[in-house]
Amino acid sequence: MTTIQFPNDIKWGAATASYQIEGAANEGGRKPSIWDVFAHTPGNVRRGDHGDEACDSYHRYKEDVQYLKELGVDMYRFSIAWPRVIPNGTGELNPEGVQYYRNLINELLENDIEPMITLYHWDLPQALQEKGGWESRQTIDAFEAYAKAMFEEFGDVVKNWITINEPWCASFLSNYLGIHAPGKTSLQAAVDVSHHLLVAHGRAVKDFRDIVPDGEIGYAPNMGWMEPFTDKEEDIEASKRAMMWQKEWFMDPVFKGTYPEQLVQLFEKNGAVLKVEEGDLEFISQPIDFMGMNYYTGGLARHKEGEGLFDAEEIPLDNRRTDIGWPIYADGFYRLLRDLHQTYGDVPIYITENGACYNHEAKDGRVEDTERVDYLKQHLASLHRAIESGVPIKGYLVWSLLDNFEWAFGYEMRFGIIHVNFRTFERTPKDSFYWYKQLLTNGWFEV
Ligand code: GCO
């Protein structure tokens, strides 16, 4: 047995997102988001699932906070549904929507749990989509006004903020690969959206400095780790190109104030032009307090002419996968964190998401999700190696507190450490919940 001991100052927590857990889609003055429209359009989400009720956390938030308390977390990351607080995307605040988040925040604070708010976890007000959504620069202005309003409402008590969650998903997965809302398949749209999301991030960071001077703000890109299949130069280059799409494209502008030229040209070759206006990169590269990192999977990249945008094919490391089909690559987590530290310097990192999909059901009040515990052990061992190597890790937030609406996969894919019965909304903590609780109590675990 080896004991893996974490430093005392790591913040432990759990994460969720509004559309995935809240439900109450038509209550409290909320209007539709792009995800309501997308999910209600046949063919987009498995089994026609949608977030109308989700985990009903809108009504059960007190119960959920009690689970967080039992777990012993320092921090809870949740997102604000923009269409709940500003139903049309711009204009008046909806007092009922604001009140819901105020109640949730108060409940957390009363239980000694630090809130971390994500401003954008993909539920763009549909009213804005109808005016071009993130393809339009007007949405940047709308986001800035929304962000400012939230900083003003909650900045006195909430000190941890994330602007944009997984900008790669919100741009390329949603507008080029067509898998997430709004379901487009245009590379130009995706490139425009990616840039606008980053400008929106930068503008919000700038405002944050005035409104919440004692707070901390960052964003939460997602990344897999692509290891070259061999040490041949062509495979090394293929893996770099494959990484660049999620890494350099979304990090260089923020940390270096430039886009990676190789990728700008590759997009151009494929007919998509990056349109940067004067001042954009200054906004985007505002210093941030931390980088969020969402890590789930990775693999090997092998050069293959004509494969995808990057002449690279992805080869799984071995046959181990979670139930959603994603290869497990815990060592990639360590390599990625080392690499980010080497590339972008000493910016502190929160693991804003890490977790696994396993679809165990509850039997006699118990969920034996041994595989999830194993996944967490492997990834936390990697995280520990990264910390020991000097990567400045501030905290770790498990995805997710609850089984929830897993986007295009609907309710079929379960990521929670608490099982949710989606008919009765009954919650059952899984074995992984108790394992994580033990880790949080001790600050160490054994492998
Ligand atoms: C995110 C994630 C979550 C997912 C999780 C599993 O963007 O933050 O997509 O919302 O549920 O990554 O896919």
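A quick note: this is a predicted structure, and the numbers were derived from the prediction, not measured.

S.K.: Would you mind showing me how to read the overall build of the protein here?
M.R.: A tally of regular secondary structure across the protein gives 16 helices and 15 strands. At 21 Å, the protein has a C-alpha radius of gyration in line with the 22 Å of a compact globule built from 447 residues. In the protein, buried positions account for 61% of the 447 residues. Of the contacts formed within the protein by residues at least 6 apart in sequence, a portion of 77% connects residues at least 24 apart. Counting only carbon and sulfur atoms, one obtains 46% of the accessible surface of the protein, whose full area is about 16,900 Å². Computed over 43 positive and 71 negative side-chain charges, the inter-centroid distance for the protein is 2 Å.

S.K.: Honestly, the packing of aromatic side chains in this entry has me stumped. Any pointers?
M.R.: Geometrically, a pair of aromatic rings is defined through the distance of the ring centres and the angle of the planes. The tally for this structure, following the rule as stated, stands at 47 aromatic pairs. Here the aromatic rings of Trp 249 and Phe 267 are separated by 4.8 Å at their centres, their planes lie at 85 degrees, and the arrangement is edge-to-face. Note that Trp 249 is positioned in helix H11 (residues 248-255) and Phe 267 in helix H12 (residues 261-269), a separation of 18 residues in sequence. By relative accessible area, which is 0% here, Trp 249 ends up buried. Residue Phe 267 is classed as buried on the basis of its relative accessible area of 1%. Among the aromatic residues, those joined into a cluster by ring pairs are Trp 168, Phe 172, Tyr 176, Trp 245, Trp 249, Phe 250, Tyr 259, Phe 267 and Phe 310. Above the face of the Phe 283 ring, Arg 203 is positioned so that its terminal group lies 5.8 Å from the ring centre.

S.K.: Help me out: how do you make sense of the site of the ligand in this one?
M.R.: The local shell around the ligand holds 13 residues, among which Gln 20, Asn 165, Glu 166, Glu 353 and Glu 406 are the closest. In the model, an oxygen atom of the ligand is placed 2.5 Å from a nitrogen or oxygen of the Glu 166 side chain. Coverage of the ligand by the protein chains reaches 96% of its 330 Å² of free accessible surface. When atoms are counted within 2 Å of each cavity's grid points, the one that captures over half of the ligand is the largest pocket. Taken together, the residues that form the shell around the ligand break down as 6 nonpolar, 4 polar and 3 charged.

Criteria and thresholds
Residues numbered from 1 in each chain as written. Predicted model: local features only at pLDDT ≥ 70, side-chain atom pairs only at ≥ 80, totals over all residues. Heavy atoms only, no water. Helix = DSSP H or I, 4+ residues; strand = E, 2+ residues; numbered from the N terminus. Rg over C-alpha atoms; globule rule 2.2 N^0.38 Å. Buried < 20%, exposed > 50% of the residue type's maximum accessible area, 1.4 Å probe, protein only. Contact = heavy atoms within 4.5 Å. Areas by Shrake-Rupley, 256 points an atom, 1.4 Å probe, with all protein chains shown as cover. Lys, Arg positive; Asp, Glu negative; His and termini not counted. Charge placed at Lys NZ, Arg CZ, Asp CG, Glu CD. Phe/Tyr/Trp six-rings, centres within 6.5 Å; stacked < 30°, edge-to-face > 60°. Lys NZ or Arg CZ within 6 Å of the ring centre and 35° of its normal. Near = heavy atom within 4 Å. Polar contact = N/O pair within 3.5 Å; in protein donor to acceptor, adjacent residues only side chain to side chain. 1 Å grid on protein atoms, 1.4 Å probe; cavity = no way out; pocket = protein on both sides within 12 Å on 5 of 7 lines; lining within 4 Å. Sits in = over half its atoms within 2 Å of the grid points. Nonpolar A, V, L, I, M, F, W, Y, C, P; charged D, E, K, R; others polar.

None of the figures reported here should be taken as evidence of function without further support.
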